[in-house]
Amino acid sequence: MFVEVAPPTQLAPAPPPSAGAGTPGPSHARRSAGSLARMLGRGVIPYLYLAPALGMLVVWIYRPLVQTANYSFYSWNLSPDQPAIPQGWHNYHRLFTLPEAGNSVLRTVAMIALLLPFTIIIPIIVGLLTAEVRGRARTVYQALIFAPFLVAPVASAAVWQWMLTPGSGIVNRATGLKTNWLHERLPALLSITGIAGWQMLGFAVLVVSAGLASINGDYSEAASVDGASRWQSTRWLTLPLLSPTLVFLVLTTVLLAGTWTFPLIDTLTQGGPVSATTNIYYLLWQYGFKSFDAGFAAAAGVIFFFGFTLVAAFLVWLSDRLTFHDN
Amino acid sequence: MSRITVENVTRRYGGAKAVDGVSLDIADGEFLVLLGPSGCGKSTLLRAIAGLLAPSEGRILVDGRDVTDIPARGRDLAMVFQSYALYPHLTVARNIGFPLRARRVRRADVRRRVAEVAEILDLSALLDRRPRELSGGQRQRVALGRALVRDPGAFLMDEPLSNLDAQLRTATRTEITELHRRLGRTFIYVTHDQVEAMTMATRVAVLNRGRLEQIGSPTEVYDQPASAFVAAFLGSPPMNLLDAELVTRDGQLHAVAPQVDVPLGIRVAAAGAPRDGGDPAAGRAIQLGIRPEHLLVTSATGGTGSTDSTDSGSAHETGPAVLRGTIRTVENLGSEEIAHCVIGATEVRVRARRPAGLTAGDAIALSARPEHTHLFDRDSGRRLVWQSDQPVSVPPARVPVTT
Ligand SMILES: Nc1ncnc2c1ncn2[C@@H]1O[C@H](COP(=O)(O)OP(=O)(O)OP(=O)(O)O)[C@@H](O)[C@H]1O
Ligand SMILES: [Mg+2]
């Protein structure tokens, strides 16, 4: 007679290891009040570690944000002994009807557009050209390009002011131009963005170099065996694979253009001539801290907060779309 | 159509030589496997052939044309990378079509050719996916497809199966062999897996520390390893190597070591008639090699040890036991078992069909046919071949010839 060999039952106890291995202890029975407290503590401790950072975030970021939104509905001149008068949507109405605001938005867009070559195009070219450089030469090279980023904007503004002086300035002497760089409308805009771009170039080159270095070298080798020329492999592989990095740089440029240009505008042109270099950040600052129109500045701040949130969300979404995780 | 010639290629990294004076002549249509342990320079050699790195010395010729200074894209070779290097942002169709696109082939032709290749490799349903949406085996096939699509002169493959699981590896192995048979192109295939080498190659080139140890058909490389390294690299378990001395007894050469006395089946002048002061090969330091499957168990007893009477009792035509020792452990491989025996100072593995009745702790006596013994010089590691071009009565060549 045949007898079927039974399959191993699921709960079949494993043969006990030779010696020394402990049997599972009666852990349930042993769980005492003390260990319960310990469990609770275990749940709380991570939050205690997080608390300082969270606290800072709330105090320095979210509270001002909420206050700003609040002030945007009041008329107030920032002095503590003056009452803030409720205004409803009046500040927002002014913001959207004031021609100055619209113009400054356009100028902001122009500044961002003029900065992009410095943060995208030149870094790509420099990054591709220096990708082959290895060892110490590479470090020296990157240090040279990165150096302007480390100079305080106000200091560099002072140096550039001296270099751009009409007549005796080194720029005009070298180019033979008679341009008054900081006091004519278009040249002033170009100067501000040029100086900001010069400062940010090193940072962008570093980001692009890091992006290029993170692309697996196998791809370009495979492409060369597949018969692609260098230009083809750059266009079809390197640039698409670099695109998340480039989107990051666009995002940085869009969001930080105001921050980068602000000290330069304030030291070199004060928004002039005839508001030619007044971007929205500078306008906001002027309203808030020159005209002491805190409510209006707050309303502008709120609008731009949402505007930039949208732009940033779009770019982050784009960056996610463009990221191809290999393996 | 490509014959590939590697002439004395050396590649240095700093002072170290990753590839050291390798010469190969790979005929059109051959399937050459570059075999060797990790770090022996296989990839380096393959990449030099592909044009991805320049040799420090030597030349590489494709169909007699010196391509040493021609970049990879000018060589008309296709390569499958170990990582597959599929372009992650392109679909399967675009990946496969890439080499054609780079050559500015018309779109319609690219599409037609990609469809053909996808058909062959069973990828038609996956053409719109991206590499990350594929399984390992599918990625491997896409990499193969990218190589196939433009009908190159030769295919270079760097461990293309190493990322697949055992079952898929076996299946793909057969597929690649089939592909080679159908295309009739030259294949150069890098692996450290001897099974791949034995099953796929028309010729195997064994590399060790950047040097070529042996090149020959899988059978040659396995049956007549040119060096102790090749002997110890091929086979699982690999060939047993024992340090021994050569001794002449009754006109026969024997390899002798503690608990080892193996007749080699080589007749020399009678020991009683030394013409010039002794037997020709005596005392030469050698390594004796015997494959585990060529060792025959003449007796295995749980007693204190085998005696001569048990030996004569077992009716093996191979004669008396030649190696004696103790079984240390026995591994069960299912169809066979491998006994690890301690013989003198060395461990010897014996492969026997199950059930062989071998038990750890037993004494064991083993024998081997003379034609299954291999001799290697202990210093150089090269194979020793007996040259018997002279009549046996005349003292033969004093020193065995090194191949
Ligand atoms: N770029 C490099 N710089 C310095 N040494 C290298 C470089 N590439 C390879 N080597 C050395 O050259 C030797 C051969 O490397 P190679 O990659 O050819 O080995 P391999 O046979 O392909 O090994 P594996 O089977 O592990 O892939 C190794 O010792 C390695 O350390
Ligand atoms: Mg390798």
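As the structure is a prediction and not an experimental result, all values here were calculated from the model.

**Some details on the overall build of chain B**
In terms of regular secondary structure, chain B is built from nine helices and 22 strands. For chain B, the residues scored as buried account for 50% of the 403 residues in total. For chain B, the share of sequence-separated contacts (at least 6 apart) that also reach a separation of at least 24 residues comes to 64%. For chain B, the accessible area works out to roughly 17800 Å², and carbon and sulfur atoms hold 49% of it.

**Remarks on the overall build of chain A**
Of the regular secondary structure elements, chain A holds 12 helices and two strands. Taken from the N to the C terminus, the helices and strands of chain A come in the order α-α-β-β-α-α-α-α-α-α-α-α-α-α. Going through the 327 residues of chain A one by one, you find that 36% of them count as buried. Taking all contacts inside chain A whose residues are at least 6 apart in sequence as the whole, residues at least 24 apart take part in 69%. About 19900 Å² of surface is accessible on chain A, with carbon and sulfur atoms providing 70% of the total.

**Structural notes on the packing of aromatic side chains**
Residues and elements named next belong to chain A. Throughout the structure, instances matching the rule amount to 20 aromatic pairs over all chains. With centroids separated by 5.5 Å and ring planes inclined at 35°, the aromatic side chains of Y282 and W285 adopt a geometry described as tilted. One end of the pair is Y282 and the other is W285, both in helix α11 (residues 280–290) and three residues apart, which spans about a single turn. Judged by its relative accessible area of 25%, W285 is partly exposed.

**Topic: the packing of helix α4 (residues 99–130) of chain A against helix α10 (residues 230–269) of chain A**
All names here are of chain A. At a closest axis distance of 8 Å, the pairing of α4 and α10 adopts a crossing angle of 140°. Judged by the angle between their axes, α4 and α10 are oblique. The two elements α4 and α10 meet at a crossing, and its hand is right-handed. On the side of α4, the interface is formed by M111, I112, L115, L116, T119, I120, I124 and L128, while α10 contributes T234, T238, L239, L246, L249, V250, T253, V254, A257, W260, T261 and I265.

**Some thoughts on the sheet that holds strand β8 (residues 186–191) of chain B**
Residues and elements named next belong to chain B. If you trace the six strands from one edge of the open sheet to the other, you get β6-β7-β8-β3-β9-β10, paired in mixed fashion. Unpaired on one side and paired on the other, β6 (77–80) and β10 (211–216) mark the two borders of the sheet. Strand-to-strand, the axes of this sheet are offset by a mean angle of 15°, without reference to chain direction. Across five bridges, strand β9 (residues 203–208) lies against β10 in antiparallel orientation. In the sheet register, V204 faces β10, and the bridge partner there is G216. Contacting β3 (31–35), β6, β7 (154–158), β8 and β9, helix α1 (residues 42–50) crosses the sheet at an angle of about 150° to β7.

**A short note on the interface of chain A and chain B**
Each partner contributes residues to the interface: chain A has 21 residues there, and chain B has 25 residues. Taken together, both faces of the contact between chain A and chain B bury some 2200 Å²; the carbon and sulfur share is 59%. Note that A:D226 is salt-bridged to B:R146, the shortest N-O span being 3.3 Å. Linking chain A with chain B are 10 residue pairs in polar contact (both at pLDDT 80 or more). Contributing elements (two or more residues each) for the side of chain A that touches chain B: α9 (217–225) and α10 of chain A. Top contributing element to the side of chain A that touches chain B by residue count: α9(A), with seven residues. Residue classes in the side of chain A that touches chain B are distributed as 10 nonpolar, seven polar and four charged.

**As for the site of ligand 1**
All names here are of chain B. Every residue near ligand 1 is listed here: Y13, A18, P37, S38, G39, C40, G41, K42, S43, T44, E159 and H192. S43 is positioned with one of its side-chain polar atoms (N or O) 2.6 Å from an oxygen atom of ligand 1. Considered on its own, ligand 1 offers 630 Å² of accessible surface; in the complex 55% of this is hidden by protein. Ranked by the residues each element gives to the shell around ligand 1, the list is headed by α1, at three residues. Grouping the constituent residues of the shell around ligand 1 by class yields four nonpolar, six polar and two charged.

**Topic: the confidence of the model for chain A**
Residues and elements named next belong to chain A. When pLDDT is averaged along chain A, the result is 82; 90% of the residues meet or exceed 70. Taken element by element, chain A is modelled with least confidence in helix α1 (residues 27–30), mean pLDDT 52, and with most confidence in α9, mean pLDDT 92. Contacts of residues 19–26 to residues separated by more than four positions or lying in other chains number zero contacts, the stretch itself having pLDDT below 50.

**Description of the pattern of salt bridges**
Residue and element names in this part refer to chain B. Across all of its chains, the model carries 25 salt bridges over all chains by this definition. The closest approach of N and O atoms between D25 and R3, which form a salt bridge, is 2.7 Å. Remark: R3 occurs in the segment before β1 (4–13) and D25 occurs in strand β2 (residues 16–26); sequence separation between them is 22 residues. What makes D25 partly exposed here is its relative accessible area of 35%. The salt bridge involving D109 is made with R106; its shortest N-O contact spans 3.5 Å. The network of salt bridges with shared partners includes R106, D109, R112, R113 and E116.

**Description of the pairing of strand β4 (residues 57–62) of chain B**
Residues and elements named next belong to chain B. Pairing geometry for β1 and β4, over five bridges, is antiparallel. The residue bridging I4 from the neighbouring strand is V62, located in β4. The antiparallel hairpin formed by β4 and strand β5 (residues 65–66) contains two residues in its connecting segment, where D63 sits at a positive phi of about 50°.

**Details of the pairing of strand β14 (residues 285–290) of chain B**
Residues and elements named next belong to chain B. Taken across its six residues, β14 has five buried, putting it largely inside the fold. In terms of strand pairing, β14 meets strand β20 (residues 373–377) through five bridges, oriented antiparallel. If you follow I290 over to β20, its bridge partner there is T373.

**What to know about the sheet that holds β4(B)**
Picture the strands of a sheet paired through backbone hydrogen bonds; they go either parallel or antiparallel. Residue and element names in this part refer to chain B. Ordered by their spatial adjacency, four strands build an open sheet running β2-β1-β4-β5, and the pairing between neighbours is antiparallel. Looking at which strands have only one partner, the edges of the open sheet turn out to be β2 and β5. Relative to β2, β1 runs antiparallel, the two being bridged by seven bridges. Of the residues in β2, the one forming a bridge with Y13 is A16.

**Things to note about the packing of α11(A) against helix α12 (residues 294–322) of chain A**
Residues and elements named next belong to chain A. The contact between α11 and α12 brings their axes to 8 Å, and the two run at 155°. By the criterion of interaxial angle, the relationship of α11 to α12 is roughly antiparallel. For the pair α11 and α12, the sense of crossing is left-handed. Here I280, Y281, L284, Y287 and G288 of α11 lie close against α12, whose contacting residues are F296, A297, A300, G301, F304 and F308. Looking at the contact of α11 with α12 residue by residue, the classes come out as nine nonpolar, two polar and no charged.

**Comments concerning helix α4 (residues 136–148) of chain B**
Taking 1.5 Å of rise per residue, 13 residues should cover 18 Å, and α4(B) covers 18 Å from first to last C-alpha, within 8% of that figure. For α4(B), the tally of buried residues reaches 11 of 13 residues, placing the bulk of the element in the interior. As for α4(B), its buried residues are in contact with α9 of chain A together with β6, α2 (92–102), α3 (107–121), β7 and α5 (166–183) of chain B.

Calculation rules
- Residues numbered from 1 in each chain as written.
- Chains lettered and ligands numbered in written order.
- Predicted model: local features only at pLDDT ≥ 70, side-chain atom pairs only at ≥ 80, totals over all residues.
- Heavy atoms only, no water.
- Helix = DSSP H or I, 4+ residues; strand = E, 2+ residues; numbered from the N terminus.
- Buried < 20%, exposed > 50% of the residue type's maximum accessible area, 1.4 Å probe, protein only.
- Contact = heavy atoms within 4.5 Å.
- Areas by Shrake-Rupley, 256 points an atom, 1.4 Å probe, with all protein chains shown as cover.
- Phe/Tyr/Trp six-rings, centres within 6.5 Å; stacked < 30°, edge-to-face > 60°.
- Axes fitted to C-alpha atoms, helices over the stretch in contact; angles between N-to-C directions.
- Parallel < 35°, antiparallel > 145°, perpendicular 65-115°, else oblique.
- Left-handed = near helix turned anticlockwise from the far one by under 90°.
- Pairing = 2+ DSSP bridges.
- Buried area = accessible area lost by both parts, 1.4 Å probe.
- Salt bridge = Lys/Arg side-chain N within 4 Å of Asp/Glu carboxyl O.
- Polar contact = N/O pair within 3.5 Å; in protein donor to acceptor, adjacent residues only side chain to side chain.
- Nonpolar A, V, L, I, M, F, W, Y, C, P; charged D, E, K, R; others polar.
- Near = heavy atom within 4 Å.
- pLDDT = per-residue confidence, 0-100.
- Expected span 1.5 Å × (residues − 1).

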